[in-house]
Amino acid sequence: MRICFIRHGETNWNSQSLIQGIIDNPLNDNGIKQAENLALELLKTQIKWDVVFSSPLARAFDTAKIVSKKINYHSNIIIDNNVIERDFGKIEGMKLSEQVYNLIISEKEPSLEKVVSLKERVMDFIQKTYQKYPNKNILVFTHSHIIKTIKNILNPNYSFRSSLSNCAILQIKYDGLKIKEL
């Protein structure tokens, strides 16, 4: 099974470096353009995408709708809470800074969703998707910390401090046992 995880297009909060988490912000005009450009890139791959999933948050779902239309995917987009952004708790709405990064990395803010929880729900999503769609090509419209969690599963030295641009893509293959980056 091939899964292509895609970060949503830009929001006004992204452009202001504000932590969004589970706050439901819409795409801005640039985010819409990013989604349209992403769709063109996906068309170039000539991969037939069999199933599309999305986080329930508008910025991911709207990115999924824009891309799905342009790549001629006509089935329903499946909403899955396991690919919603990390709950940053009291950190949400704060401007990203070294101090805020330290709070996130150290996980000292009690209201912050812990990495162990992120890993559990990401793996739950991957395993359940594999059970239902073992030989399919899957698109998943999601968020920064979901993709960073997968990168951290693949490489424990991967840092959540690493930047991840809007509409970034991470493709993996899963055989029921092991994840491999493509």
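Go over helix α3 (residues 58-70) with me, naming the residues and quoting the values.
Between its first and last C-alpha atoms α3 spans 18 Å; for 13 residues at 1.5 Å apiece the expected length is 18 Å, and the two agree. Those residues of α3 that sit buried are Arg59, Ala60, Thr63, Ala64, Val67 and Ser68. Mapping the buried residues of α3 onto a view down its axis gives an arc of 160°, with all of them on the same face. Buried positions along α3 lie against α2 (29-45), β2 (51-54), β3 (77-79) and β4 (137-142). Phi turns positive one or two residues past the end of α3, at Asn72, with a value near 65°.

Can you tell me about the packing of α2 against α3, naming the residues and giving the values?
One can describe the packing of α2 onto α3 by two numbers: an axis separation of 9 Å at closest approach and a directional angle of 40°. Between α2 and α3, the crossing angle belongs to the class labelled oblique. For the crossing formed where α2 meets α3, the hand is right-handed. Between α2 and α3, the residues in contact are Ile32, Ala35, Glu36, Leu38, Ala39, Leu42 and Leu43 and Thr63, Ile66, Val67 and Lys70, respectively. For the contact of α2 with α3, the class distribution of residues is 8 nonpolar, 1 polar and 2 charged.

Help me get a handle on the side chain of Arg86, residues and values and all.
Along the chain, Arg86 turns up in the loop between β3 and α4 (98-106). Owing to a relative accessible area of 0%, Arg86 belongs among the buried residues under this scheme.

Parameters at a glance
- Residues numbered from 1 in each chain as written.
- Predicted model: local features only at pLDDT ≥ 70, side-chain atom pairs only at ≥ 80, totals over all residues.
- Heavy atoms only, no water.
- Helix = DSSP H or I, 4+ residues; strand = E, 2+ residues; numbered from the N terminus.
- Expected span 1.5 Å × (residues − 1).
- Buried < 20%, exposed > 50% of the residue type's maximum accessible area, 1.4 Å probe, protein only.
- Arc of directions from axis to C-beta.
- Contact = heavy atoms within 4.5 Å.
- Axes fitted to C-alpha atoms, helices over the stretch in contact; angles between N-to-C directions.
- Parallel < 35°, antiparallel > 145°, perpendicular 65-115°, else oblique.
- Left-handed = near helix turned anticlockwise from the far one by under 90°.
- Nonpolar A, V, L, I, M, F, W, Y, C, P; charged D, E, K, R; others polar.

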